[in-house]
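Working through the structure, step by step
These are the residues of each chain, in order.
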Amino acid sequence: MNKFNYWKHGERSVMAHAAGVSLQTFSSIINRKLGVSLKRAKKLEDAAMKHLGKDISFIQWLTNRTSTHPAFNGKPRKE
């Protein structure tokens, strides 16, 4: 599944706003370029469920670079 299938139009903006990050930062997270702290991972988990009804656990956010969850773009990194 690619980014055009998982994130519907406008959902990335909703997520960024709800989690208190810029759209650019959120894009860097889902494109595996930027790691996520535990605090931010929990905010992202809450925002995904509350605002979009998407079940993306904080562990998936915390390990976004290696996660196989379809919310993240590109191949998982091996770290």
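For the structure given in this document, a descriptive report is provided here. On a predicted model such as this, the values are computed, not experimentally measured, just so you know.

Since there are 3.6 residues in each turn of an α-helix, residues three or four apart along the chain are aligned in direction. For helix H3 (residues 23-30), the complete set of buried residues consists of Phe26, Ile29 and Ile30. The arc that holds every buried residue of H3, seen down its axis, measures 90 degrees, which confines them to one face. As for H3, its buried residues are in contact with helix H2 (11-19), helix H4 (38-52) and helix H5 (58-62).

With respect to the helices and strands, the residue His69 is situated in the segment after H5. With a relative accessible area of 15%, His69 lands in the buried category. A polar side-chain atom of His69 sits 3.0 Å from the main-chain amide nitrogen of Ala71. Those residues within four positions of His69 in sequence are excluded, and the remaining contacts are Tyr6, Arg32, Asp55, Ile56 and Gln60.

In the structure shown here, the tally under the stated rule is 1 salt bridge. Linking Lys54 and Glu11 is a salt bridge whose minimum nitrogen-to-oxygen distance equals 3.4 Å. Residue Lys54 is located in the loop between H4 and H5, and its partner Glu11 is located in helix H2; the two are separated by 43 residues in the primary sequence.

For the rest of this paragraph, the subject is the packing of aromatic side chains. Enumeration according to the criterion identifies 4 aromatic pairs in this entry. For the ring pair Tyr6 and Trp7, a centre distance of 5.1 Å and an interplane angle of 80 degrees mean the geometry is edge-to-face. Classification of Tyr6 by relative accessible area gives buried; the value is 12%. Between Phe26 and Trp61, the aromatic rings sit 5.9 Å apart at their centres with planes inclined by 45 degrees, giving tilted as the arrangement. Taken as a pair, Phe26 in helix H3 and Trp61 in helix H5 lie far apart in primary sequence, 35 residues in all. Accessibility assignment for this pair places Phe26 and Trp61 in one class, buried.

Let's shift gears to the packing of H2 against H4. The contact between H2 and H4 brings their axes to 9 Å, and the two run at 125 degrees. The angle between H2 and H4 places the two elements in the oblique class. In the packing of H2 onto H4, the handedness of the crossing is right-handed. For the pair H2 and H4, the contacting residues are Glu11, Val14, Met15, Ala18 and Ala19 in the first and Lys43, Leu44, Ala47, Ala48, His51 and Leu52 in the second. For the contact of H2 with H4, the class distribution of residues is 8 nonpolar, 1 polar and 2 charged.

Cut-off values and rules
- Residues numbered from 1 in each chain as written.
- Predicted model: local features only at pLDDT ≥ 70, side-chain atom pairs only at ≥ 80, totals over all residues.
- Heavy atoms only, no water.
- Buried < 20%, exposed > 50% of the residue type's maximum accessible area, 1.4 Å probe, protein only.
- Helix = DSSP H or I, 4+ residues; strand = E, 2+ residues; numbered from the N terminus.
- Arc of directions from axis to C-beta.
- Contact = heavy atoms within 4.5 Å.
- Polar contact = N/O pair within 3.5 Å; in protein donor to acceptor, adjacent residues only side chain to side chain.
- Salt bridge = Lys/Arg side-chain N within 4 Å of Asp/Glu carboxyl O.
- Phe/Tyr/Trp six-rings, centres within 6.5 Å; stacked < 30°, edge-to-face > 60°.
- Axes fitted to C-alpha atoms, helices over the stretch in contact; angles between N-to-C directions.
- Parallel < 35°, antiparallel > 145°, perpendicular 65-115°, else oblique.
- Left-handed = near helix turned anticlockwise from the far one by under 90°.
- Nonpolar A, V, L, I, M, F, W, Y, C, P; charged D, E, K, R; others polar.

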